[in-house]
Every structure is written in C-alpha cells, then in structure tokens.
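Below, each chain spelled out in residue letters.
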Amino acid sequence: MPVNGRAAPLCGGERIPVEDIVEAEVRTFFAERLPEVSAHLDIVFNITSNSSPGAVLTGDGVPDRTRWFNPRSVEDLRERRVRLSNDTSLGTGWAPENPFESFVRELVDHFSGKSEFTLAHAWCGADVKLMGYWDGAQADIVLCVPQKSRHVDSRAEYVRNAETVLAECHRLADLRLPGAEARFRLNARDVPEKDELYLTYTGSSIESGDEGVVGRGNRVNGLITPLRPMNLEGANGKNPVYHVGKLYNVAAQRLANRLHEATEGHAEVHLVSTTGQRLDQPWRILVRLSSPDAEVDKVQALVTEALGEFPALTDELVSDGIVLS
C-alpha cells in the first residue's frame, strides 16, 4: 500500500525517522482494525519534503516556504510563531443531535468496533455501512455488516449470523428509540441461494479494491448528514497544525455544542478561512441560533473563547485528546 505526503526528514541536522514512525503507525492501525491484513502489508513510501507551491527562486533569496519541510532549525518552523490557514475553506458544526442520529452512530460503532457483540461473534467484520431515514416516529435503515469467511462454515450459518445481527439491531432500537417503529434491511445485495453474500476474508471490501477515500467520509461528529448544514471537507488524514478542513470543523462543532448548551436551542456555526491568514482570525464567522432570547454578548464571548483555543487545539488532536470518527 502506498503512503503519500510531505514530512521533514531532518531538523537542524538531526534526523527524524519519518518512515519508521509512519510504518509503525500504519501497522498499528491495521492490527487494530483489519488484523487479517496486517501481516501482509507491503508499504511503499512516497513521502517528500517539497515546498508548498508558490516558492519562486530568484537571485540569492530563498523563500520561507522552501524551509517548511527542510528546516535548518526550529526557527524555520513558521507555525511556532503564528498559525496560518493552509486553504480557503470552511468548517461547519451544529447541535444538538436528534435521537436517531445518535442511534445510527452507536449502531455502526457497535458492529464495527470492540463491543460485547463483536467480541462474542468473531465472524463480524468491521467494514460496516449504514443509510438511515427518520421522520420522528419511524426509522428505516439499510446497512451492510460483512462476515469473515474463516469463521463461517456454511451458507446456513451465514444466514443465522445475519439473523443475529438483525435481532441485535432491533434490541438496540428498542433501547434508543422507544416507541418508534424500526425497520432494517441487511446486506441488500445478498442472494443466499446463489451464494452471493457479503462474505470476505478480512471483513471488509478493501480486499476487492473497493477502498474508500476520506472526501465523502464521516464528519467530526461521526455522521454524514446531507440534510443538515455541512461542508465537503473531510477531517481525517489532514495536518492538525494548519489544515482548516480539520481544525475549523472541530472548532465549529465544539462552538455549536457550547452555544446549544447556553441557549437551549439549535445552534449552527460556520467558520470560513482565507488561505495564508491567521487561523484564529477567520474571514467570516456565521452563527445561526433558534433561540430568540440569545444574548449577543454571551454569544460573542463563546466565539472569542473558541477562537482563543488555537493553537492548543492542535495539541489536543496530536495527543489524541480529540477522537475523530
């Protein structure tokens, strides 16, 4: 598998073991999420220390950006002095979630992560996908839950396992959506009599080349919500120091949660950046509140508080203080 990106291999003459660090992280990730793959990884590095676009070399002058991934010392690291946006984009957050949104995230995590269910059913694969509809009284859900072939001995066992998944779905729905009608359709492409099943070695479609990319992936709240305010920035895989696609989404969601708590109503936040400008000074800040009694001074104070958390927000992301779904 290729690993692409930019990193500094040296700083002030001291070597940074970039490939060793990256390989350790990649192998740890696969050991936790796709253990069947971890022993067969062939990692190909395509990591450079190229400068950002726009570095024009004239005469004897060397633009600062040529040093970003080739620092002579820590003094060449601009982010130690000021944090600037890497792009012109926006981050979006809203609160609160409705019960159905919380339920579908819990349901996917229940089947894809470490839970009592997955620990008791070794055949349950991690590549779980879900699409749900909710009208306030009725939930209609289509989901895919793969099974690992080495733990399934027959077609009949596969079918029984699928029935177990559906029973668990209804059990959780009764707990989280009491009084609501919940309908589930599992592995919609299955045709058991023809042995067309979501049955794979790894418990993922990745082994067939059906790899996903972060662009359509879950937002920082763990959901893809096309009927809610949202943007097209995926947060995962981006630099936590200055990539607004990560930082502004986290900051906007955090601010929306605080505004909801303060006003007891719906809160929506959009932070819009301009490339090359200070992270803590967005070009535009858009706040929408449902509460007619919201106090402007308190709202502005919460906005100021959220922007004041740069660059500490980076430290939280780097130290795993904030978990991105």
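Quick look at the structure, then. (Residues numbered from 1 in each chain as written. Predicted model: local features only at pLDDT ≥ 70, side-chain atom pairs only at ≥ 80, totals over all residues. Heavy atoms only, no water.)

Focus: the sheet that holds strand β5 (residues 90-95)
Argument step 1. Ordered by their spatial adjacency, three strands build an open sheet running β5-β11-β12, and the pairing between neighbours is antiparallel. In this open sheet, the two edge strands, each paired with only one partner strand, are β5 and β12 (284-289). With strand direction ignored, the average angle separating the axes of adjacent strands in the sheet is 10°.
Argument step 2. For strand β11 (residues 267-272) and β12, the ladder comprises six bridges, and the chain directions are antiparallel. By the bridge assignment for β12, His270 is matched with Leu286. (Pairing = 2+ DSSP bridges. Helix = DSSP H or I, 4+ residues; strand = E, 2+ residues; numbered from the N terminus. Axes fitted to C-alpha atoms, helices over the stretch in contact; angles between N-to-C directions.)

Digging into the sheet that holds strand β7 (residues 138-144)
Argument step 1. In spatial order, the strands read β6-β7-β9; together these three strands make up an open sheet with mixed pairing. Only two strands of the sheet have a single neighbouring strand rather than two, namely β6 (129-134) and β9 (181-186). Mean inter-strand twist for the sheet, computed between neighbouring axes without regard to direction, equals 15°.
Argument step 2. Direction of pairing for β6 relative to β7: antiparallel, over a ladder of six bridges. In the strand pairing of β7, Leu130 is matched with Leu143.
Argument step 3. On the sheet, helix α3 (residues 99-112) packs against β6, β7 and β9 and is oriented at approximately 160° with respect to β6.
Argument step 4. Strand contacts of helix α5 (residues 155-176): β7 and β9, with the helix running at about 155° to β9, the strand carrying the most contacts. (Contact = heavy atoms within 4.5 Å.)

Examining the packing of α3 against α5
Argument step 1. Look at α3 against α5: their axes get within 11 Å of each other, and the N-to-C directions meet at 145°. The handedness of the crossing between α3 and α5 is right-handed. On α5, the residues touching Phe103, Glu106, Leu107, His110 and Phe111 of α3 are Val165, Glu168, Cys169, Arg171, Leu172, Ala173 and Arg176.
Argument step 2. In terms of residue class, the contact of α3 with α5 is built from seven nonpolar, one polar and four charged. (Left-handed = near helix turned anticlockwise from the far one by under 90°. Nonpolar A, V, L, I, M, F, W, Y, C, P; charged D, E, K, R; others polar.)

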